[in-house]
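An overview of the molecular structure
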Amino acid sequence: MSQTNTSLLDEVVQWSPETCRQQLKDVLPKLNSLHNKSESWDEHIRILKIITEMFLPHINLSEVEDECFSKILPKAVTVFDSMMKEISEQVGELSSQNTEVCALLRNILQALMQIIDSLSACVRHVGSFEEALYLDAIRSLPAYILRVLRDTFQHCKDSEVVYCGRLSLVADLLQALFKGAYSLQKSLLELLDRISLDSSASEEEVSDIVTVIHSLLDICSIISNLDIALHANTWKFLIKHSLKYQSLVEEHLHHGDISNSLCENLLTSFNNCLELAEQIKISGLQEATQSAEHKLFQKSAKMCRFFANTLVHYIKEFKFFMTKYCSCFHQLYLQIVSKFPPSLCSPTLPTALSEELNVAVLIHMDALLLQLLPLRAFAETVLQQGLRLSPENDLPHCLLLVSALDQLTSQPEEVQLLWYTGSQFSEETPRVPLYQAVITSFQRCYAERRVPVVLPGVMMKGQAQVQVTLHQHVCVHLCASVAALPPVYLPVLERCLVSAVLQADSQTALLATDVWCFTARYGTAELCLRHVLLIAQLVKSCTTESYQSSYLGLLLRRMVFLMTPSHQMEFVTHFPPSEVDNLAVWKHVLLRALSHDARHRVETSVFALSQKAVTDWQNGGYKLGQVDKVNAVLLSLLVVVRGQSSPEDQCVQSAGRIVSQLWCRMSPDQVKTHPVLQCTLQLLLSITANVVKNIEPQVICQALLCVEAVVSLKSVDQLLLAALDFLSSLGKTFVPPDSQSQILPRLSSLFGVLLSHSSWLLHHHALEAFSQFAESTNHEEVISQSLCVEETKTKVVNYLSKTVNAQEDVTSRLERLKMESSVMEQFNEKMEKSEEHSSDNMATEAVDETEPCPKRARQETGAEEEYSRYIQTAESALKALQVLLEGKSSTAAPPPEWLEFRLQELQTLITHISTVKHTAWR
């Protein structure tokens, strides 16, 4: 700097405020010029201080931008940047021994503080005016100050890395620098708070305020770990002014950056709370509410509450600019809910801290969801077809969907349409209906359903709130949603329920059954009738062996209880039990659910049909090919006898006569050979268990002989379960002395074999059946003779004394459940894939048709397969007849007289068939 310039500065510093005011117009331009031309940092700071401290107070608000700020601030920021760069270059040489570098860096930090002081003077001057402030009047000030603040805070944040273990040499100055920047930002924000823009604001003014907001967003990302209060206040200002000028800036704001930053800050504060809670738990400081850890936890929890509230409020105000970021909000919801009970991956926290976090964060997730429901993009994200999440997010996603159900009833019609119906057109992003999504999500919570997890239940009529399982929680909220469901969406609900009942997972099918029963009970009697007829038709469409048949049967069994007597009679009329095809329906119905008239009609029809089927089989020569028809009526006969209790009842006596007649035709050797007779044996055992007091000892002996024949066969678990029910029921009967030698040893032997069975399922049922038999039998010698093996005796004693086996620890159990979950999911997928085509058809037909669908046409097999099947049937029947004749040769009773005549007829038929074959091929 020249001598003249130095003299000017020396002279000016001696001036009084009045002299400065008088010489302002002449001297200020010279000082601005000197300031911009100065090359020395010291000179620059000296001139800057002279301008801001001596001349700035005399400049009017209308002139301050053009006369001062636009002239001095660009150079001030440039010098500030060069000082920061110099620190980065020199800091590597910093050490307590290198006093020269240490002094240099301390001088630079002091110079930085002087620049910040000068900028603070600029803010104070503008704030001293009482007149209205306009952004145009101070346009340069916010942008340059925010740039300085950003660099200052970044330097303080990186100080441990920048000064690399030598921080103590400059720590006092860094602390002062931070405090100066803190104070400067506070003053600037207070100043900006006084500014007001209206709809007539220019594009430049709008651009300036948008720049301020985005600059503050950058600062927020820097100061998040520096000072909680500063961080919160900066965010408050940012959001406040985004809303204050909403109509002006909403199309220019970086909504993605703002919302993502809010999400990240919320998650960071939340994770900090979790870590602090874990530390408090490990240190045993749960009760020490005045400890440093506890106070820090409360501050972090307060920040969680702040960010959660802020995010919800921001989304509410800028809702329709949020469509691109719905996936982020979905993930935020899942990440937070997954850290709270009953999620299996949630940490175990002290109760008080967990409740505090619940209030700070979790309750805001429902408010967040409420704002997101109207957004199509959010619905498409959450209801995405084939959506697959990581296992730890399955439960949170399920809870999100349940919360959506709860809130949807208060939403406008277009929002309900968006969620309830799923995608309607091919050009839409594929999404499933909400009910289907809830049920599918519940199905994927394999481990959570088996622990089971518990959630807060609904408080009703002043009763205390209790914990409920996930099944109960989802079921209650589904039913509550159904109760408020507009009728127009009922077909969608029905399709979802049909699909759920027809899939492979049993507990999911049970959930759908519970909801369907509520729907029928809550709706009209006519709706209940329509559903029962629909389900019954589906039952007829299923094969007897399919899992779908059992699920639909359970649903039908429960629904019949909900029908009016007149509708029950109409149901009987639609599916008369006198027709064999309808027995597939009636085998699932509990007759005690029917009115007296309907029950009497069903019982009469079933007994007549059963007796006719047995008589026809007898008159037809007990042909093996006709056993399927007998089995069909036995299924319905079993339904009838299960509804009776008194041995004197006419139905029980009639059933006793029918099964006694059939038992006489059961040959142990044939049962081992023919699977169809094993099915007959299973049904006879189940029916006999219900009418055992009406069965003669010789019939019981025949039954035991048949069970002995099959007990060692493979793939007869269902048969053995029926046998256990039969063995258990024998405890209610007294065996006459003349029959005891034939019955009791066999009974003991069978119990002994089944109690030691390798299948855990059969073993458990055997223990249960044996204990029931032991409680009621008069033949106590059977008990001791069944327990000849010491190991078996020990297992029975442990079962009766309710001894608990060694339990696995919680961690091992969860790991096992997770492994089982993948196995179960693969198994269910395999089952559903094998039934996929028929299930889809049934679900579509069931809802689209107002009348029950006709039974599907039988799928014809190839001609060669038919020839083979019929010839095998004939061959099996003839071999059985041969065995029967050879067995009778040593007895006194000869074969019936008509047998020879019928054999000659068969020979004639075979000759005729052979002749037809040769003629056809010629």
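Residues numbered from 1 in each chain as written. Predicted model: local features only at pLDDT ≥ 70, side-chain atom pairs only at ≥ 80, totals over all residues. Heavy atoms only, no water.

A tally of helices and strands in the protein yields 41 helices and two strands. The C-alpha atoms of the protein give 43 Å as radius of gyration, which overshoots the globular expectation for 922 residues (29 Å, by more than 25%). The buried share of the protein, reckoned over its 922 residues, is 48%. For the protein, the proportion of contacts with a sequence separation of at least 24, taken over those separated by at least 6, is 75%. Between the mean site of the 76 positive side-chain charges and the mean site of the 104 negative ones, the protein shows a separation of 5 Å. (Helix = DSSP H or I, 4+ residues; strand = E, 2+ residues; numbered from the N terminus. Rg over C-alpha atoms; globule rule 2.2 N^0.38 Å. Buried < 20%, exposed > 50% of the residue type's maximum accessible area, 1.4 Å probe, protein only. Contact = heavy atoms within 4.5 Å. Lys, Arg positive; Asp, Glu negative; His and termini not counted. Charge placed at Lys NZ, Arg CZ, Asp CG, Glu CD.)

With that settled, consider the packing of aromatic side chains. If you walk through the whole model with that rule in mind, you get 17 aromatic pairs. Seen from their ring centres, Phe-751 and Phe-770 are 5.1 Å apart, and the 80° between their planes marks the pair as edge-to-face. Of this pair, Phe-751 sits in helix H35 (residues 737–755) while Phe-770 sits in helix H36 (residues 760–776), placing them 19 residues apart in sequence. Note on Phe-770: relative accessible area 3%, which makes it buried. One cation-aromatic arrangement involves Arg-449 over Phe-442; the distance from NZ or CZ to the ring centre is 5.0 Å. (Phe/Tyr/Trp six-rings, centres within 6.5 Å; stacked < 30°, edge-to-face > 60°. Lys NZ or Arg CZ within 6 Å of the ring centre and 35° of its normal.)

Helix H13 (residues 292–317) packs onto helix H12 (residues 255–283) with a crossing angle of 155° between their chain directions and a minimal axis gap of 9 Å. Put simply, H12 runs roughly antiparallel to H13. Read as a crossing pair, H12 and H13 show a hand that is left-handed. Classifying every residue of the contact of H12 with H13 gives 18 nonpolar, eight polar and one charged. (Axes fitted to C-alpha atoms, helices over the stretch in contact; angles between N-to-C directions. Parallel < 35°, antiparallel > 145°, perpendicular 65-115°, else oblique. Left-handed = near helix turned anticlockwise from the far one by under 90°. Nonpolar A, V, L, I, M, F, W, Y, C, P; charged D, E, K, R; others polar.)

The next point concerns the confidence of the model for the protein. Considering every residue of the protein, the mean pLDDT works out to 86; 90% of them sit at 70 or more. Predicted confidence is poor over residues 888–892, with pLDDT under 50, and the contacts of this stretch with residues over four places away or in other chains come to one contact. Below a pLDDT of 50 lies the segment residues 918–922, which in the model reaches zero contacts outside its immediate sequence neighbourhood of four places, other chains included. (pLDDT = per-residue confidence, 0-100.)

On to the nonpolar core, then. Residues Phe-55, Trp-419 and Phe-571 are the most contacted members of the largest nonpolar core, which totals 288 residues. For this core, the element with the most residues is helix H5 (residues 99–127), which contributes 14 residues. Residues contacting Phe-55, with those up to four places away along its chain left out, are Val-12, Trp-15, Cys-20, Leu-24, Val-27, Leu-28, Leu-31 and Ile-50. (Core = buried A, V, L, I, M, F, W, Y, C linked by side-chain atoms within 4.5 Å.)

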